[in-house]
Amino acid sequence: MNSSPLVSVLVPVYNAAPFLPQCLDSLLSQTLHDVQVVCVDDASTDSSLSVLRDYSQRDARVEVIHLDKNVGLAKARNAALAQARGQYVCMVDADDWLSADALQQAVDVFAAHPATGCVLFRLLMVYGEGQQREEKDYPCRTFTVLTGDEACLLSLDWQIHGLYMVRADIQRRYPYDDTCRVYSDENTTRVHFAASAEVRCCSGIYYYRQHGQSVTHRVSVSRFDRLRAFESLLRQLAPLRVADRAVPFVTNQLWLSVVDLFYFLYQHGRELSPEERRWGLGELHRVWLSVDVSLFDKTKTSKFGYRHCPSWWLFRLQEWLYFTLRKLIRRE
């Protein structure tokens, strides 16, 4: 096997045995053959590891790392990154797959435009029994080239998606943000874009499988990880060129998440343990104390329910009244 492949594909795996063959077959049948596929089994409890080892025995381009303890998506990707040797890097989740020409299409864009740091794939969502739909909320195909700062700003509220190939030097400079088990890995996309001189698109397709219930929508105390993920993003953006425009936007997203998570407690607090409720409330209090109020968008944060308030207890009272009134109005 080529010791320096052109592209390294990172595949984090956790209990994905039913989907792995489609994913791996799509990677091994690429028109670009010079590929390294680094798969990390994140302590799966199904037959995922056996599937991975079978593929690695049949094709030397597949390399398998097995973790004894489940560490989450970002840390699993970083374990794969440590073994990656390609000039370019992309990640593919174990239940997704690529069109046969996807990697070649992205590499061709890099070759034609040397200033490009990231190349977005075309995104197709896959629902239910193979139903596919182009995601119109992500206008990836409507631009030819963006500056890295422009792409970063658009990605802050996901006006462009985060499924792409990146130059390895950028990927290694900014590995996946593993601050939290969920949410924080998304920060890496924004930083990769900001670190790029240019961001472009290709016509290669990323097939993104949609499941019925995402882990980020379940009733879980992990919802509060959003706060630390936003705080981590603020720290990473602060030294970059885009900070003047990005930091105020993310600060407001952080504050809106505080209000949203108060609503989560209002609705689902009884489904959490007393310890979880106290921890979640403590996270909200911590952000209330530390958030930079001077960056608030007053058109949003001056409204009842969204005001910072001069005291923590007054803020809690505001939230309780706000969500109670909303509940009563909806019953009428």
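For the structure itself, consult the block above.
This structure is a prediction, so every number in the text was calculated from the model and none was measured. (Residues numbered from 1 in each chain as written. Predicted model: local features only at pLDDT ≥ 70, side-chain atom pairs only at ≥ 80, totals over all residues. Heavy atoms only, no water.)

Undergrad: I would appreciate a short explanation of the pattern of salt bridges in the present structure.
TA: Where charged atoms of side chains with opposite charge meet at close range, the side chains can pair. The final tally for this structure, using the stated rule, is 14 salt bridges. Between Asp185 and Arg77 there is a salt bridge, with its nearest N and O atoms 3.2 Å apart. With Asp185 in the loop between α6 (168-173) and α7 (187-194) and Arg77 in helix α3 (residues 73-81), this pair connects stretches of sequence that are 108 residues apart. There is no split in this pair, since Asp185 and Arg77 are both buried. A salt bridge links Asp260 to Arg226; its shortest N-O distance comes to 2.8 Å. (Salt bridge = Lys/Arg side-chain N within 4 Å of Asp/Glu carboxyl O. Helix = DSSP H or I, 4+ residues; strand = E, 2+ residues; numbered from the N terminus. Buried < 20%, exposed > 50% of the residue type's maximum accessible area, 1.4 Å probe, protein only.)

Undergrad: Before we go on, may I ask you to explain the packing of aromatic side chains in this structure?
TA: Two numbers describe a pair of aromatic rings. These are the distance of the centres and the angle of the planes. Counting across every chain of the model gives 17 aromatic pairs. Arranged with centres 6.3 Å apart and planes meeting at 85°, the rings of Phe224 and Trp279 form a pair that is edge-to-face. Separated by 55 residues along the polypeptide, Phe224 in the loop between β10 (198-209) and α8 (225-237) and Trp279 in helix α10 (residues 274-290) bring together distant segments of the chain. With a relative accessible area of 38%, Trp279 lands in the partly exposed category. Their ring planes at 35° and their centres at 5.2 Å tell us that Trp255 and Phe296 sit as a pair that is tilted. Here Phe296 lies in the loop between α10 and α11 (298-301) and Trp255 lies in helix α9 (residues 243-268), a separation of 41 residues in the sequence. Linked through ring pairs, Trp255, Phe262, Trp288, Phe296, Trp312 and Phe315 together constitute an aromatic cluster. Above the plane of the ring of Tyr176 lies Arg77, whose end atom (NZ or CZ) is 5.2 Å from the centre. (Phe/Tyr/Trp six-rings, centres within 6.5 Å; stacked < 30°, edge-to-face > 60°. Lys NZ or Arg CZ within 6 Å of the ring centre and 35° of its normal.)

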